Amino acid sequence: MEPRPRSFYVLAAFFTLFLLFLYGPTLTIAVLSFQGPSGGLTFPMKGVSLHWFSDLFEQQAVGDIWGSFSRSSVLGLMVMATTVIVSVMGGLAFRKRFAGSGVIFYLIITSLVIPSILISLGVGLIWSQSGLTVHWSTSGLGAQLTWTLPFGLLIMFAVFNRFDQSYEEAARDLGASPWQTVRFVVLPIIAPSLIGVALFGFTLSYDEFARTLLTSGSQNTLPLEIFGMTTNVTSPVIYALGTLTTIFSFLVIGAFLLVVWLMDRRRKAQGSDAGKGMV
Amino acid sequence: MERVHRRLKAALLVALRSCCTGAPFLTSDQTMTSSGIIHTPSKPSARALSRHSVGWLLASPLAVVLAIFLVAPIVMIVMVSFWGATEFSIYPAFQFDNYAFLFSSDVTYRVFFNTFKYAAITWLFTLLIGFTVAYFLAFHIRTFKWQIALFLVCTIPFWTSNIIRMISWIPFLGRNGLANSALMSWGVIDEPLEWLLFSDFSVILAFVHLYTLFMVVPIFNTMMRIDKSLIEAAADAGASGWQTLWHVIIPLTKPGIMIGTIFVVTLVMGDFITVRFMSGSQSANVGRMIQNDIGLLQYPSAAATAVILLITVLLVIAILLRFVDIRKEL
Amino acid sequence: MTTIPKIRYSRRSMLKAGGAAVAAAALPAPMVWGQAIKDVTLRQFGTGVSNLNEVAAKVKEDLGFTLEMTALDSDSVTQRAATQPDSFDIADIEYWICKKVWPTGNLQAMDTSKIDNYDKIVGTFRSGKLTPESVIAQGTAPHTVGFTSGANGTDFVAEESGWMTLIPTIYNADTLGIRPDLIGRPISKWSELLNPEFAGKASILDISSIGIMDMSMVVESMGEYKYPDKGNMTKEEIDMTLGIFTEAKKAGQFRAFWKSFSESVELMASGEVVIQSMWSPAITAVRSQGIPCVYQPLEEGYRSWGGGIGLSASLSGIELDAAYEYINWYLSGWVGGFLMRQGYYSAVPETSKNFMSEDEWGFWFEGKEAKGDITNPFGDVMEKAGAVRDGGSFFDRMGAVACWNAVMDENQYMVRKWNEFIAA
């Protein structure tokens, strides 16, 4: 190995500072969430305790943290499943040009770049003007899909851009129907990327705020609840909640990575190197 | 010198070509049409539906979602922007009052200027930081495993709550916050710095903090695809590190930069919550203006502002898309 | 301790709960529907001020049915009351919000003959006069939007018509909050908010209907202008008022604007701000962190606000009966005591008295010196023995109301100008 150039050390220092910048505030609130029972929202620490974490598990003066957490989890799973299915179908559709594919493509881009508050406002208006009741599982779900689907689709486009089609040809030559080709050849090959799509689908939904704001109805999702807490709550309990949701996010990512790793191992064991797509 | 120049140019040509055609990423039996969609030679099949029907069948769920939750809301907003409002309700009409008020108020122009200002400054910082970080990861970290590991370390905060990440700056930056106490105890300053919190500084800091990742990811992605032999060629040809960076790496990374730019610019332009929290409600961008109107039940006026914002954002994106073909770069 | 209340009764409040049972038993509660009413669920929403889960828990205990609480900020409250009538059964809103929402017909009028304690509701909410001699303050005084012409009325009538729009539940007199330790001299006028001495350390709330009233108090106090009616400004007056504040904003007078309860607490507790418009429980929240903070009575008087409960137009049958039962329970004293021990006032103070100790009643209502430590309903010590409530007794405070939070005829204009002020 050749020695590192000087620029390496400069850049490494820069990278370290960047990580500090990235994690600094999160660590700050993680520390503050261990405030003593009489501590406030800012330093100094008045003792160290788990008081605010245990407080989280008791009924709060206002709001419903655990209800919103379970709603967000369910909604996240719904968005995740829909995103995966619709993205795969969309990705397959876009492998060939069809009439109107350009329009849909630009709609996907629009969906990605449109300010979230517009979706919230527009969906909210449609629902209220047509006399429907907004609910997180209907209007909220749809509004969130406009944010997760572009990510899912762009990943699928990337995957299919790199997809070696000789596998499909082989399947067809062996007499597989189009459905069989997709089911037994294409899907297994792109499976690792689907994990990526699923991860995006879940976490983007789990953290989505603006698009859910006017579309979730009378019951809050977790980000809305957190936002509500920032207006009502004046104790470190909100930091404790922040720390817990961060840990939860880590667990979700960890679980996904584990699945990827397991699949990778199984694949290696089977000796195939197909479909090394990006995740 | 002449030779160096010629070799550099050759390297660049190769790079550009590969960048335009996406060649290194395609297998040999695929071709790319000018539109960037991949075509395989189609096989005649007896029961084949036309490719249009197949396409639409597969894309129909997507089309339905987009129609109900993207197109219809936009249509609705455009419609409502011509409606009228009372204290507590909105009524269908066709009037230009909302737009007239919007364009007649100099606050509108100031707020739009503010929005652009935040977008431009945030863009600059996220680009500089994002490029440097991606460059370090892609060219200075030698093993693939470490590259991915460090990359993941960068992306993890992205998966956690934005609101939490935002408000965690407040105890840090306040008059009696960590930053001020540290600076004062080191003797750098005597008086706490007031502009650390509730200022343009804190707004942009929060934006950079939230969105740098959107720059790092696409730039890193394109950099990883740069053929390392190009850089070796440049070095062999006698190019200095800076020359390589300027003439080879940056041109090849341009698509990633553009995609990152699209993300950062649209996220900042559409934001309404960061500005409110970090400026202590003291400054406004377009998103906040819309949200204020929504809060006060002035939906038509919110819709009119939203229409102008949407047009602005789409124009900016259209300009950016002239520099990059997203479909090719995936 | 800060204000995260959770269910945690001090021994004293447990003892009092015993007293409550006796008091509740003495009240004739209509139990027509018997067991079925236990299955009723009423959805209530409102601001975090009074939408407390503890009230819901007590409802379950005393009345048997379920009350689902959703706490929102005041913008969202208005929005939901006006645009999503199906999403709630009970709206817990302020009177100025009622002025906006009532004409939509989303709420139904309430028959005062079904309200047991109607006669005991303080005069402010009925005739508008706290005592027969009182002068009615400017702004959207609760009685002006408190009555409607009949069961299906969407108008407001001036006299006690027997049909109420909102049943008053909670109210208070607001003034400026200050940090005496950081100011170091007495503050006695609203105009101090714009005193350059506090440049970069002042704040005002960013809720237009409330903020404009604070502003008008300041403008009058500065001697800049005397409004014929602060509660109903002309366009010129709005321009002038916001002009003065825009200038101050550009000169760097304000550290931040706050929109929610907790923001105001943080600004004050962290020392970012030393003088600002503030709500009474926010003062106690700051104080309970051990930080000195005073709700400063001012020469020009208080800006007051009131909230009440409205019923969704779609309520009927057993749900409606449950709602009336809830209202009667609300006014029967437990909630009143619960709220008064946090520094608010109850609409029927005399029933609340049964749910407060003599010392608490003396401190919170009569303005007397506390004999022992004063704790809030959650057991946190609010005041030590010997303390006296800022501003004195109920009649001292509510009698010195200069204006009410208001919705003006030119409200839409004011809102637009307000947005410009924020963006300036």
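Presented here is a report on the structure given in the accompanying data block. Because the structure is predicted, anything quoted here is derived from the model rather than measured. (Residues numbered from 1 in each chain as written. Chains lettered and ligands numbered in written order. Predicted model: local features only at pLDDT ≥ 70, side-chain atom pairs only at ≥ 80, totals over all residues.)

**Focus on the overall build of chain A**
In terms of regular secondary structure, chain A is built from 11 helices and zero strands. N-terminal to C-terminal, the α/β element order of chain A is α-α-α-α-α-α-α-α-α-α-α. Along the first, second and third principal axes, the C-alpha set of chain A runs to 75 × 70 × 35 Å. Per-residue burial for chain A yields a buried fraction of 52% across its 279 residues. (Helix = DSSP H or I, 4+ residues; strand = E, 2+ residues; numbered from the N terminus. Buried ≥ 20, exposed ≤ 12 C-beta atoms within 10 Å, placed from the backbone.)

**Digging into the interface of chain B and chain C**
Taken residue by residue, the interface counts 22 residues in chain B and 27 residues in chain C. Broken down by class, the residue content of the side of chain B that touches chain C amounts to eight nonpolar, 10 polar and four charged. (Contact = placed C-beta atoms within 7 Å. Nonpolar A, V, L, I, M, F, W, Y, C, P; charged D, E, K, R; others polar.)

**Quick notes on the environment of K60(C)**
Among the structural elements, K60(C) can be located in helix α2 (residues 53-62). The sequence separation of K60(C) and K38(C) amounts to 22 residues, and the corresponding C-alpha distance is 8.5 Å.

**Structural notes on the nonpolar core**
Within the largest apolar cluster, 285 residues are counted, with the highest numbers of intra-cluster contacts made by L121(A) and A306(B). Residues within four places of L121(A) in sequence aside, it is in contact with L214(A), I77(B), I294(B), A302(B), A303(B) and A306(B). Listed in part, the eight residues of the second largest apolar core include I231(B), A233(B), V248(B) and I249(B). (Core = buried A, V, L, I, M, F, W, Y, C linked by C-beta atoms within 7 Å.)

**Description of the packing of helix α4 (residues 106-140) of chain B against helix α9 (residues 200-224) of chain B**
Residues and elements named next belong to chain B. At a minimum axis separation of 7 Å, α4 and α9 run at an interaxial angle of 45 degrees. Taken as axis vectors, α4 and α9 run oblique relative to one another. In the crossing of α4 with α9, the sense of the turn from one axis to the other is right-handed. Of the residues that constitute the contact of α4 with α9, the class distribution is 22 nonpolar, four polar and no charged. (Axes fitted to C-alpha atoms, helices over the stretch in contact; angles between N-to-C directions. Parallel < 35°, antiparallel > 145°, perpendicular 65-115°, else oblique. Left-handed = near helix turned anticlockwise from the far one by under 90°.)

**Examining unusual backbone geometry**
All names here are of chain B. One non-glycine residue, F198, lies in positive phi territory at about 55 degrees. Looking at where F198 falls in the secondary structure, it is placed in the loop between α8 (178-185) and α9. Judged by local crowding, F198 falls into the buried class, with 28 C-beta atoms found within 10 Å. Located in the positive-phi region is S281, a residue other than glycine, with phi close to 65 degrees. Mapped onto the fold, S281 is located in the loop between α12 (273-278) and α13 (286-295). A tally of 23 C-beta atoms within 10 Å means that S281 is categorised as buried.

**Focus: the interface of chain A and chain B**
Reports often express the size of an interface as the amount of accessible area lost when the parts come together. Counting residues at the interface gives 74 residues for chain A, matched by 76 residues for chain B. Sorting elements by how many residues they give to the side of chain A that touches chain B places helix α1 (residues 6-32) of chain A first, with 16 residues. Partitioning the side of chain A that touches chain B into residue classes produces 46 nonpolar, 21 polar and seven charged.

**Some thoughts on helix α11 (residues 237-270) of chain A**
With 34 residues, α11(A) should reach 50 Å at 1.5 Å per residue; the first-to-last C-alpha distance of 49 Å fits that figure. Listed as buried for α11(A) are V237(A), I238(A), Y239(A), A240(A), L241(A), G242(A), T243(A), T245(A), T246(A) and S249(A). Those residues of α11(A) that are buried are in contact with α1, α2 (51-56), α3 (65-93), α8 (178-207) and α10 (222-232) of chain A together with α6 (162-167) of chain B. (Expected span 1.5 Å × (residues − 1).)

**Let's talk about the environment of Q79(C)**
On the secondary structure map, Q79(C) appears in helix α3 (residues 74-83). For Q79(C) and T131(C), which are 52 residues apart along the polypeptide, the C-alpha to C-alpha distance reads 35 Å. If we ignore the near neighbours within four places in the chain, the residues touching Q79(C) are G295(B) and L297(B).

**Side note on the pairing of strand β12 (residues 302-312) of chain C**
All names here are of chain C. Most of β12 is tucked away: 11 of the 11 residues are buried. The sheet contact formed by strand β4 (residues 107-108) and β12 spans two bridges and is antiparallel. Bridge pairing in β12 links Q108 to L311. As paired elements, strand β7 (residues 167-178) and β12 share seven bridges and run antiparallel to each other. Bridge pairing in β12 links D174 to R303. In this sheet, strand β16 (residues 401-404) lies alongside β12 in parallel orientation, the contact comprising three bridges. Paired with S304 across the two strands is W404, which belongs to β16. (Pairing = 2+ DSSP bridges.)

**Side note on the pairing of strand β9 (residues 254-258) of chain C**
Residue and element names in this part refer to chain C. Most of β9 is tucked away, with five of its five residues classed as buried. When strand β8 (residues 202-205) meets β9, the two strands line up parallel, connected through four bridges. For L205, the partnering residue across the bridge sits in β9 and is W258.

**Details of the packing of α9(B) against helix α11 (residues 241-270) of chain B**
Angle between the axes and distance between the axes are the two parameters that describe a pair of packed helices. All names here are of chain B. In the contact formed by α9 and α11, the axes pass within 8 Å of each other and the chain directions differ by 155 degrees. When the interaxial angle is binned, α9 and α11 end up roughly antiparallel. In this structure, α9 crosses over α11, and the sense of that crossing is right-handed. Counted together, F207, Y211, F214, M215, P218, I219, N221, T222 and M223 of α9 and L252, T253, P255, G256, I257, I259, G260, F263, V264, L267 and V268 of α11 form the full contact between these two elements. Looking at side-chain class alone, the contact of α9 with α11 contains 15 nonpolar, five polar and no charged residues.

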